[in-house]
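Architecture at a glance
One-letter residues, chain by chain:
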Amino acid sequence: MQSLREKWSPESWRKKNAVQQVVYTDKEHLTAVLSQLQQHPPLVTSWEIEALRKKLAEAATGRRFLLQGGDCAESFDDCKVEFIKNRLKILLQMSVILIYGMRMPIIRVGRFAGQYAKPRSASHETRNGISLPSYRGDNINAPEFTPEAREPDPQRLLHAYYCSAIQLNLVRALGDAGFADLHNADKWNLNFAGQAPYIQTYQGIIGKIYRALDFAKTVSDHPIGGLGRVTFYSSHEALHLPYEEAFTREVIHANAVYNLSTHMPWIGKRTLFEDSAHVEYMRGIRNPIGIKIGHDMAPSDLKGLIRHLNPLNDPGRLTIITRMGATKVEDVLPQLIDTVKRSGLNVLWCCDPMHGNTETASSGIKTRKFGNILAELEAVIDMHARMKTVLGGVHFELTGEDVTECVGGASGIREEDLNRRYHSTVDPRLNVSQSLEMALKIAQRYQNMETSK
Ligand code: PEP
Ligand code: CO
């Protein structure tokens, strides 16, 4: 690991090992696009980022809980009002269930407004003997299997910026007005979710919340304030380093450099290693950051990375997103938790039960089993409880659409259903019914732990 005295700058990552980067044929076009992006206004502010950082510090000690979720890969086609609203609705529904079950405030962070670039295991994809560059996310190339679609196009970075801005505009407006008001929680139901097995349970919770609000209003003789506004933060994998660099701005009043394209960027598993350009880039920005760690992370390496990325041990700076796979948690997580705990490192532990549980169905399609996702989550919840550490958040790939991408759950999606409504261009997401069910299961688990204390 390089010494901390080594000087950081927004472009110092260029001297490190930059994997998963795009090779553009038209370099001049790329330069022109990047300089345009540098002139464009930021998407988020340092004030918002600082507020999130403070909340994440509280989540690390069990006073709040992080719900991070959204698409694996956002698509330009989904930059549409209903899609954006539906995703907010499911995140709102899940957060109400978690607030009710866990009795603590929820921090809502979307994998949205910038989650466009994807790391890929293989640089090329072969179909029927034809090999083309892999799809790397909508800000790089297009998913269709043609040479034209797969050619990286710098113009797409501008399109990604505009789609992110459009989304954030709507998300902020909806969060500020009546849409997200808790008094309207019964209106967040998605049309097609009427049949979802857990919708009655959700309605029951909303009913209880309304009665409690009514009671408090009657007793205090005032309407309950502060329920009308909901903050959503944005997050994405900071994979495309030239794009991230274009939004790396010095904020004079804060005397710090921020990435102002998103509130909470994260480093993906494939780019988290010693000497990584991504680690170098993230070390110098003031945003709270996430790091995705898998079952192959050695405890001593994790300790080194944490110290390197958060040398002052600031609470709220670093979220460790574990994504082990349901069967690996027992073997691997205890040593990692133990090392971090013994070293006195301030981190927020968050569980991504999706990425270690991806498999290929017999038809060849990528899927995940609801049961395995839940099993990882429950194992991680129990592990932290046993080790007396705090699991401060969860991270899901989900959508507000009625897709059939993950199998299982009470709505009974089977392998043979996967082809019916499989829309994800990369990883399979939980649909509305599965997301609600997942939130209820987490809430239940915490309630059971509370009653057995
Ligand atoms: C992702 O979050 O979509 C992803 C690629 O995750 P990971 O880096 O954990 O594999
Ligand atoms: Co994914």
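For the structure itself, look to the data block above.
Please read these numbers as outputs of a predicted model, since none were measured by experiment.

Turning our attention to the overall build of the protein chain. Secondary structure summary: the protein chain contains 12 helices and 14 strands in total. Since a compact globule built from 453 residues should have a radius of gyration of about 22 Å, the 21 Å found for the protein chain is in line with a globular shape. Restricting to contacts in the protein chain with at least 6 residues of sequence separation, those with at least 24 account for 76%. As presented, the protein chain carries roughly 19000 Å² of accessible surface, and 51% of it is formed by carbon and sulfur atoms. Side chains of the protein chain carry 55 positive and 51 negative charges; the gap between the two charge centres is 5 Å.

Our focus in this paragraph is the pattern of salt bridges. Evaluated as defined, the whole model comprises 30 salt bridges. One salt bridge in this structure joins Arg445 and Asp382, with 2.5 Å as the shortest N-O distance. Of this pair, Arg445 sits in helix 12 (residues 432-451) while Asp382 sits in helix 11 (residues 370-387); the two residues are 63 residues apart in sequence, bridging distant segments of the chain. Among the residues examined, Asp382 registers a relative accessible area of 27% and is labelled partly exposed. The closest approach of N and O atoms between Arg414 and Glu416, which form a salt bridge, is 4.0 Å. By relative accessible area, Arg414 is classed as partly exposed at 46%. Under the relative-accessibility criterion, Glu416 is labelled exposed at 57%. When salt bridges with common partners are traced through the structure, they connect Asp71, Glu74, Arg87, Glu405 and Arg429 into a single cluster.

Glancing now at the site of ligand 1. All residues adjacent to ligand 1 are Cys72, Arg111, Lys118, Pro119, Trp266, Gly268, Lys269, Arg270, Lys292, Arg323, His355 and Glu397. Within the contact set of ligand 1, an oxygen atom lies 2.7 Å away from a side-chain nitrogen or oxygen of Lys118. A distance of 2.8 Å is found between an oxygen atom of ligand 1 and a backbone nitrogen or oxygen belonging to Lys269. Contact with the protein chains removes 98% of the 290 Å² of surface that ligand 1 exposes when unbound.

In this section: helix 11. Taking 1.5 Å of rise per residue, 18 residues should cover 26 Å, and helix 11 covers 26 Å from first to last C-alpha, within 8% of that figure. Residues Phe370, Ile373, Leu374, Glu376, Leu377, Ala379, Val380, Ile381, Met383, His384 and Met387 constitute the buried set of helix 11. Lys388, located one to two residues past helix 11, shows a positive phi value of around 55°.

What follows is about the packing of aromatic side chains. A full pass over the atoms with the stated rule returns 5 aromatic pairs. Of the aromatic side chains, those joined through ring pairs into one cluster are Tyr161, Tyr162, Tyr243 and Phe247. A cation over a ring is seen here: Arg103 above Tyr100, with NZ or CZ 5.0 Å from the ring centre.

We now examine the packing of helix 3 (residues 81-102) against helix 5 (residues 155-176). Look at helix 3 against helix 5: their axes get within 11 Å of each other, and the N-to-C directions meet at 50°. Judged on the interaxial angle alone, helix 5 and helix 3 are oblique. Considering only the axes of helix 3 and helix 5, their crossing is right-handed. In contact with Val81, Ile84, Lys85, Arg87 and Leu88 of helix 3, helix 5 contributes Gln167, Leu170, Val171 and Leu174. Here the contact of helix 3 with helix 5 is composed, by residue class, of 6 nonpolar, 1 polar and 2 charged.

A few words now on unusual backbone geometry. Not every positive phi belongs to a glycine, and Asn128 is a case in point at roughly 45°. Residue placement: Asn128 occurs in the loop between strand 3 (124-127) and strand 4 (130-133). Positive phi, normally seen in glycine, also occurs at Asn255, with a value near 55°. Among the structural elements, Asn255 can be located in the loop between strand 6 (248-251) and strand 7 (256-259).

Calculation criteria
Residues numbered from 1 in each chain as written. Chains lettered and ligands numbered in written order. Predicted model: local features only at pLDDT ≥ 70, side-chain atom pairs only at ≥ 80, totals over all residues. Heavy atoms only, no water. Helix = DSSP H or I, 4+ residues; strand = E, 2+ residues; numbered from the N terminus. Rg over C-alpha atoms; globule rule 2.2 N^0.38 Å. Contact = heavy atoms within 4.5 Å. Areas by Shrake-Rupley, 256 points an atom, 1.4 Å probe, with all protein chains shown as cover. Lys, Arg positive; Asp, Glu negative; His and termini not counted. Charge placed at Lys NZ, Arg CZ, Asp CG, Glu CD. Salt bridge = Lys/Arg side-chain N within 4 Å of Asp/Glu carboxyl O. Buried < 20%, exposed > 50% of the residue type's maximum accessible area, 1.4 Å probe, protein only. Near = heavy atom within 4 Å. Polar contact = N/O pair within 3.5 Å; in protein donor to acceptor, adjacent residues only side chain to side chain. Expected span 1.5 Å × (residues − 1). Phe/Tyr/Trp six-rings, centres within 6.5 Å; stacked < 30°, edge-to-face > 60°. Lys NZ or Arg CZ within 6 Å of the ring centre and 35° of its normal. Axes fitted to C-alpha atoms, helices over the stretch in contact; angles between N-to-C directions. Parallel < 35°, antiparallel > 145°, perpendicular 65-115°, else oblique. Left-handed = near helix turned anticlockwise from the far one by under 90°. Nonpolar A, V, L, I, M, F, W, Y, C, P; charged D, E, K, R; others polar.

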